[in-house]
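Chains, contacts and geometry: an overview
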Amino acid sequence: MAETKKTCATAFPSSRLGGATSLPAFSRSSFPRRTDGSPATCVLHAKKISTATLLTGDYFIGETTRACAAEEGTRQLTAPLQLMAGKPRDSAGALLQPGNNLTLPQVREAGRGGAELRLRGASKVKPLDGVKILDLTRVLAGPFATMNLGDLGAEVIKVERPGAGDDTRAWGPPFAGTESVYFLSVNRNKKSIAINMKDSKGAKLIRELAAVSDVFVENYVPGKLAEMGLGYQDIKKIAPHLVYCSITGYGQTGPMVQRGGYDSIAAAVSGLMHITGHEDGEPVRAGVAMTDLATGLYTYGAIMAGLLQKYKTGKGLHIDCNLLSSQVACLTHVAANYLNCKMEAKRWGTAHGSIVPYQAFKTKDGYIVVGAGNDHQFVTVCKILNLTEVSKDSRFKTNTLRVQNRKELIDILSTRFSEKATIEWLQLFEGSGVPYGPINNIQQVFSDPQVLHNGLVMEMNHPTAGRIAVPGPAVRYSEFAVSHPKPPPLVGQHTVEILKGMLGYEDDAIEELLRTGVVAQHEVR
């Protein structure tokens, strides 16, 4: 019986397509389905398909493809094609161009019975290759998020004020040459365009860049960008595909919405400072801006989720991240203690409110942190300390009892730890199965063999500061490397490149924008 052919159509989730895109006709049986009737993932029966179409210059049929089987007539795809960035070439090595009709031999013979449709070099592709991020954020939370996205291959376009640029460019000392080390620490893998957004022509440039981007990230006080015609509702009209992410101090609505967002203030309001510090001491700020960094990580994950949502639905969305919500969410068990038991939190210094022992102990020459997460580990600790009688004491037999008799136990353990140097205790605890470690200063951190083994230092050549080093990403991936980072940019270092490459501006138009101060270009010497 001859197969009938139907057509699937979808509003494809890419700003470059400018509307609905019809897919070529495929036979109904070309697409294997799961037992529940939904489209199968990753597999195409190559012998059933006559042609495939390269849909856009930035996204290509990738290492795996999902498609739908056509129903009667034409309908929307419920699961849009999953695309992966790359530079596909035909079997002769020629670069494939947008809109080419590709016969299967040009792409690859996938084989009898169905196989993955693969592109040459796909294993070297990063997950965000081809994704363009328009980054209007400053200081830490936003730049930290976009830097992590840049590490995964995204092209991050950092928008800065002409001249001064990001606020943190002035934060120092220390400086590497004339560059703020603070700024250098969170701005690798980005390009900088300097735009005066207060000028109507500058705001127009932002809208034009948004239209050809996939993600828009900003950290202005709610309503500020809307005054310039750059709020979410404004941008949605011209770029409905866009993932628009806002980072604020307290959210988009509510009684504190107009307050500026600063790490220390949010840490105070959220209760983090209340629970940080010595037991009988004053509230203490954490050594780094943990509320900003936590918000940056929430933002990073939220944008990834937004991109997945966009690829599933073909629609953009607005993401609301804020410092207060991020830090309150990170209170975890401390918050749950209050919500469920009305137990008010307190400061414990290096200790833990619900586990004993779990804290730092002073040694002859420094500190060691030891934690006994269960009764067996506590017995091991006592054995190492040559305090076996303590593990048999009825006051300390269980963790609940140890928490109740905290002071007596900690006094005993502290006396013993003070009798040896840190290195001696480290040697005694080695291989015991008990969690332990020294309190390192920063020099010791970057001499630690595990830190060195994990490759946590990224080095790169900066155009004015020379060779610089920053802490690298914490995560490693089996199929691609987060390596060869680009150095943090100078203010407006890539202005002309972006205007030409992304927006197609001609030299005379760019010269006029430079002359009138709408944009600025930093000349690297």
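Here the structure is a predicted model, which means the values were calculated and not measured.

1. Brief notes about the overall build of the protein
Scanning the protein from N- to C-terminus turns up 19 helices and 22 strands. Expressed as a percentage of contacts within the protein between residues at least 6 apart in sequence, the contacts between residues at least 24 apart total 69%. Accessible surface for the protein amounts to roughly 26,500 Å². Of this, 55% is attributable to carbon and sulfur atoms.

2. Looking at the sheet that holds strand 18 (residues 367-371)
Taken together, the 3 strands give an open sheet; going across it, the order is 17-18-19, and neighbouring strands pair in antiparallel fashion. Two strands close off the open sheet at either side, each with one partner strand: strand 17 (358-362) and strand 19 (436-438). Shown here is a sheet whose adjacent strand axes are inclined to one another by a mean of 20°, direction ignored. Pairing geometry for strand 17 and strand 18, over 5 bridges, is antiparallel. Looking across to strand 18, one finds that Ala 360 is bridged to Val 369.

3. Section: helix 8 (residues 290-313)
For helix 8, spanning 24 residues, the distance from its first C-alpha to its last is 34 Å, which sits close to the expected 34 Å at 1.5 Å a residue. Where helix 8 terminates, the next one or two residues include Gly 314, which has phi positive at roughly 80°.

4. So, the sheet that holds strand 15 (residues 243-248)
With respect to topology, 7 strands assemble into an open sheet ordered 16-15-14-9-10-13-22, the strand pairing being mixed. Of all strands in the sheet, those with a lone pairing partner are strand 16 (317-322) and strand 22 (519-520), marking the two edges. Sheet topology places strand 14 (residues 215-218) next to strand 15; 4 bridges connect them, and they run parallel. Within the sheet, the bridge partner assigned to Glu 218 lies in strand 15 and is Ser 246.

5. Thoughts on the pattern of salt bridges
Tallying each qualifying case throughout the model produces 20 salt bridges. For Glu 279, the salt bridge identified is with Lys 346, shortest N-O distance 3.0 Å. Here Glu 279, found in the loop between helix 7 (263-269) and helix 8, pairs with Lys 346, found in the loop between helix 10 (332-341) and strand 17; they are 67 residues apart in sequence, far enough to count as distant. With a shortest N-O distance of 2.9 Å, Lys 500 and Asp 507 are connected by a salt bridge. For Lys 500, a relative accessible area of 41% gives the class partly exposed. Through salt bridges that share partners, Lys 132, Glu 155, Lys 191 and Glu 497 make up one connected network.

6. Section: the pairing of strand 15
A large share of strand 15 lies buried, amounting to 6 of its 6 residues. Taking every second residue as pointing to the same face, both faces of strand 15 are buried, with Val 243, Cys 245 and Ile 247 on one and Tyr 244, Ser 246 and Thr 248 on the other.

7. Observations regarding the nonpolar core
Among the nonpolar cores identified, the biggest contains 32 residues, and Ile 133 and Val 215 are the most heavily contacted of them. For this core, the secondary-structure elements that each account for two or more residues are helix 2 (141-151), helix 3 (181-185), strand 14, strand 15, helix 8, strand 16, strand 20 (457-462) and strand 21 (466-471). Those residues in contact with Val 215, other than ones at most four positions away along the chain, are Val 131, Lys 132, Ile 133, Leu 134, Leu 242, Val 243, Ile 303 and Leu 307. In this structure, Ile 195, Met 197, Leu 230 and Leu 499 belong to the second largest nonpolar core, which totals 31 residues.

8. Description of a nonpolar patch on the surface
There is a patch of nonpolar side chains on the surface, built from Tyr 262, Ile 265 and Val 269 and spanning about 310 Å² of accessible area. Secondary-structure assignment places Tyr 262 in the loop between strand 15 and helix 7.

9. Some thoughts on the packing of helix 2 against helix 8
One can describe the packing of helix 2 onto helix 8 by two numbers: an axis separation of 8 Å at closest approach and a directional angle of 45°. Regarding the angle of helix 2 to helix 8, the classification is oblique. The element helix 2 and its partner helix 8 pack so that their crossing is right-handed. On the side of helix 2, the interface is formed by Ala 141, Phe 144, Ala 145, Asn 148 and Leu 149, while helix 8 contributes Asp 292, Leu 293, Thr 295, Gly 296, Leu 297, Thr 299, Tyr 300, Ile 303 and Met 304.

10. Overview of unusual backbone geometry
Going from Gly 172 to Pro 173, the amide bond is cis rather than trans, its omega being 5°. Its location among the elements puts Pro 173 in the loop between strand 10 (155-160) and strand 11 (175-176). The linkage connecting Pro 173 with the following residue, Pro 174, adopts the cis geometry, with an omega of 10°. Note on placement: Pro 174 falls in the loop between strand 10 and strand 11. The phi angle at His 484 is positive, at roughly 50°, despite the residue not being glycine. Within the fold, His 484 resides in the loop between strand 21 and helix 18 (495-501). Looking at His 484, the relative accessible area reads 74%, which means it is exposed.

11. Thoughts on the packing of aromatic side chains
Geometrically, a pair of aromatic rings is defined through the distance of the ring centres and the angle of the planes. Counted under the stated rule, the structure contains 8 aromatic pairs. When the centroid spacing of 4.6 Å and the interplanar angle of 20° are considered together, the rings of Phe 361 and Phe 417 count as stacked. With Phe 361 in strand 17 and Phe 417 in helix 14 (residues 406-417), this pair connects stretches of sequence that are 56 residues apart. By the ring-pair criterion, three or more aromatic residues cluster together here, those being Phe 361, Phe 417, Trp 425, Phe 429 and Tyr 436. One residue, Lys 346, lies across the ring of Trp 348, its end atom 4.3 Å from the ring centre.

12. As for the pairing of strand 20
The two faces of strand 20 differ: Met 458, Met 460 and His 462 on one face are buried, but Val 457, Glu 459 and Asn 461 on the other face are not. Of the strand pairs in this sheet, strand 20 and strand 21 are connected by 6 bridges, and their pairing is antiparallel. From the neighbouring strand, Val 457 faces strand 21, where its bridge partner is Pro 471. Between strand 20 and strand 21, which pair antiparallel one after the other, the connecting turn spans 3 residues.

13. Section: the confidence of the model for the protein
Per-residue confidence for the protein averages 82 on the pLDDT scale, and 76% of its residues sit at or above 70. Across residues 1-93 the pLDDT falls below 50, and counting only partners more than four positions away or on other chains, this stretch makes 213 contacts in the model.

The rules behind the values
Residues numbered from 1 in each chain as written. Predicted model: local features only at pLDDT ≥ 70, side-chain atom pairs only at ≥ 80, totals over all residues. Heavy atoms only, no water. Helix = DSSP H or I, 4+ residues; strand = E, 2+ residues; numbered from the N terminus. Contact = heavy atoms within 4.5 Å. Areas by Shrake-Rupley, 256 points an atom, 1.4 Å probe, with all protein chains shown as cover. Pairing = 2+ DSSP bridges. Axes fitted to C-alpha atoms, helices over the stretch in contact; angles between N-to-C directions. Expected span 1.5 Å × (residues − 1). Salt bridge = Lys/Arg side-chain N within 4 Å of Asp/Glu carboxyl O. Buried < 20%, exposed > 50% of the residue type's maximum accessible area, 1.4 Å probe, protein only. Core = buried A, V, L, I, M, F, W, Y, C linked by side-chain atoms within 4.5 Å. Patch = residues over 30% accessible without salt bridge, like charges linked within 9 Å, V, L, I, M, F, W, Y side chains within 5 Å. Parallel < 35°, antiparallel > 145°, perpendicular 65-115°, else oblique. Left-handed = near helix turned anticlockwise from the far one by under 90°. Phe/Tyr/Trp six-rings, centres within 6.5 Å; stacked < 30°, edge-to-face > 60°. Lys NZ or Arg CZ within 6 Å of the ring centre and 35° of its normal. pLDDT = per-residue confidence, 0-100.

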